[in-house]
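# Structure assessment
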Amino acid sequence: MFFASDNGLGASDKVMQAISAANGGARLGYGRDDATRIVERQLSDLFEREVGVYMVVTGTAANGLALSTLTPPWGIVLCHDESHVMEDECCGPEFFTGGAKLVGIRGPGAKITAKALEASIASLGRRVPHNAPVHALSLTQSTELGLVYSVEEVRALSAIAKAHGAGVHMDGARFANAVASLGCSPAEITWKAGVDVLSFGTTKGGGLACEAIVYFDPAKGEEMVRRRMRGGHLLSKHRFLSAQMEAFLDGGHWLDLARHANAAAGRLADGLAAIPGIRLPLQPQANGLFPIMRQEIVAALQAAGAVFYPWSDKGLPEADRARAGETMMRLVTSFATSADDVDRFLAVAAKAARPLAAE
Ligand SMILES: Cc1ncc(COP(=O)(O)O)c(C=O)c1O
């Protein structure tokens, strides 16, 4: 019953076999191997246009490096107040951008609304040379609270950013889960909706450690050749990154894995919604769930061996937040979550909730 994160369950068999297969023979290093060219082709096909591709090992590096090509050190990056770039990367974006300033925007479900984006931009000072200008907007797809931006939402947000001269970055650590949930094409939810650069994740979705920084205008990413090297993120034995990405993309494997994870989250959500003492203020749309649970239920689940953690409910409207005796918990399903795991979790929760039903 492991629901702590989608990085807790290894990599898919297909990815592991590809890494093992890539081990034999000699290849040129630093991305000059054939498999890297194959991945570039695969991603160009997937996104229906020529793209610039730079693979790195972590999502944190992908985000920071991507943002460094959108803003100078004196620029502002707008992002959600609860986004990974804002809260969980130990100032990685500030480091990679040479000091750009992250400005957080609040909004339910870790989503930025068009209205909030407009208001945030309007509130920024414009005194030259005193105030920093906005250079980038970073959106997380799917969000840190398990929701997805629709195509229309991304389009509207990008249009506002562009009207103010800002480029658009998408943190796609869970891009696969978003595409699986939306049922749209990868092109529709990215460059066709105004996204300039995407951190395309495999690690959370079934890779071992590989994320691609994808430029929809390859010319905009050219300096990444040196930025990635200088940042210490150009892998010498790059073949092992390309092998992961090639296997992840091959035959739609990435979407199959994401569909599995999303379906497990749906099964969990349906079951939890029927249990007294549990409520779901956010209807999950990808592979993360944030139920508010009575503490007796949380304790019973933890005693039964379930691994999951509390999460801040600060982004919820006040009426939805945890009350006395309740905690908001974070449950994340993955490509390897089994139906049995979900059902055992639900059974323990339901049993613990029985005395509460009478209240
Ligand atoms: C939304 C989001 N973006 C980026 C990352 C960073 O990935 P990594 O841990 O590989 O640096 C994570 C990891 O938790 C994440 O959840």
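Note that the structure is predicted; figures quoted are calculated from it, not measured.

### Let's talk about the site of the ligand
- T58, G59, T60, N63, H84, E89, T140, E144, D171, A173, R174 and K204 make up every residue found near the ligand.
- Between the ligand and the protein, one listed contact pairs an oxygen atom with a side-chain N or O atom of R174 at 2.9 Å.
- Relative to its unbound accessible surface of 390 Å², the ligand loses 81% to contact with the protein.
- When each cavity is represented as a set of grid points, the ligand is found to reside in the largest pocket.
- Sorting elements by how many residues they give to the shell around the ligand places helix α3 (residues 59–68) first, with three residues.
- Tallied by class, the residues present in the shell around the ligand amount to one nonpolar, six polar and five charged.

### Structural notes on the domain arrangement of the protein
- As far as domains go, the protein holds domain 1 (13–252) and domain 2 (254–354).
- Each partner contributes to the interface: domain 1 provides 29 residues, whereas domain 2 provides 22 residues.
- Regarding the contact of domain 1 and domain 2, the summed buried area is about 2,100 Å², with carbon and sulfur atoms giving 57% of it.
- Per-residue buried area on domain 1 facing domain 2 is highest for L145, N177 and G252; these three make up 24% of the total on that side.

### Description of the packing of helix α6 (residues 114–123) against helix α7 (residues 151–163)
- Between α6 and α7, the shortest axis-to-axis distance is 9 Å and the interhelical angle comes to 15°. Our classification of the angle between α6 and α7 gives roughly parallel. α6 and α7 meet at a crossing whose hand is right-handed. Across the interface between the two elements, A114, L117, E118 and I121 from α6 touch L157, I160 and A161 from α7.

### Considering the state of the cysteines
- Evaluated as defined, the whole model comprises zero disulfides.
- Not part of a disulfide, C79 finds its nearest cysteine sulfur in C91, a span of 11 Å.
- In this structure C91 is a free cysteine whose sulfur lies 5.9 Å from that of C90, the closest cysteine sulfur available.

### Details of α6
- Of all the positions in α6, only A116, L117, S120 and I121 are classed as buried. End-on, the buried residues of α6 take up no more than an arc of 130°, which puts them together on one face. Set apart from the buried face of α6 by more than 90 degrees, the exposed residues are K115, A122 and S123.
- Turning to α6, the residues buried within the fold contact β2 (76–80), β3 (101–105), β4 (134–140) and α7.

### Remarks on the environment of L257
- With respect to the secondary-structure elements, L257 resides in helix α11 (residues 253–273).
- When the C-alpha positions of L257 and P291 are compared, they lie 23 Å apart, and in sequence the two are 34 residues distant.
- If we skip the residues at most four places from it in the chain, L257 touches S12, G205, G206, F248 and F335.

Reading the values: the criteria
Residues numbered from 1 in each chain as written. Predicted model: local features only at pLDDT ≥ 70, side-chain atom pairs only at ≥ 80, totals over all residues. Heavy atoms only, no water. Near = heavy atom within 4 Å. Polar contact = N/O pair within 3.5 Å; in protein donor to acceptor, adjacent residues only side chain to side chain. Areas by Shrake-Rupley, 256 points an atom, 1.4 Å probe, with all protein chains shown as cover. 1 Å grid on protein atoms, 1.4 Å probe; cavity = no way out; pocket = protein on both sides within 12 Å on 5 of 7 lines; lining within 4 Å. Sits in = over half its atoms within 2 Å of the grid points. Helix = DSSP H or I, 4+ residues; strand = E, 2+ residues; numbered from the N terminus. Nonpolar A, V, L, I, M, F, W, Y, C, P; charged D, E, K, R; others polar. Domains from an automatic or database assignment. Contact = heavy atoms within 4.5 Å. Buried area = accessible area lost by both parts, 1.4 Å probe. Axes fitted to C-alpha atoms, helices over the stretch in contact; angles between N-to-C directions. Parallel < 35°, antiparallel > 145°, perpendicular 65-115°, else oblique. Left-handed = near helix turned anticlockwise from the far one by under 90°. Disulfide = S-S within 2.5 Å. Buried < 20%, exposed > 50% of the residue type's maximum accessible area, 1.4 Å probe, protein only. Arc of directions from axis to C-beta.

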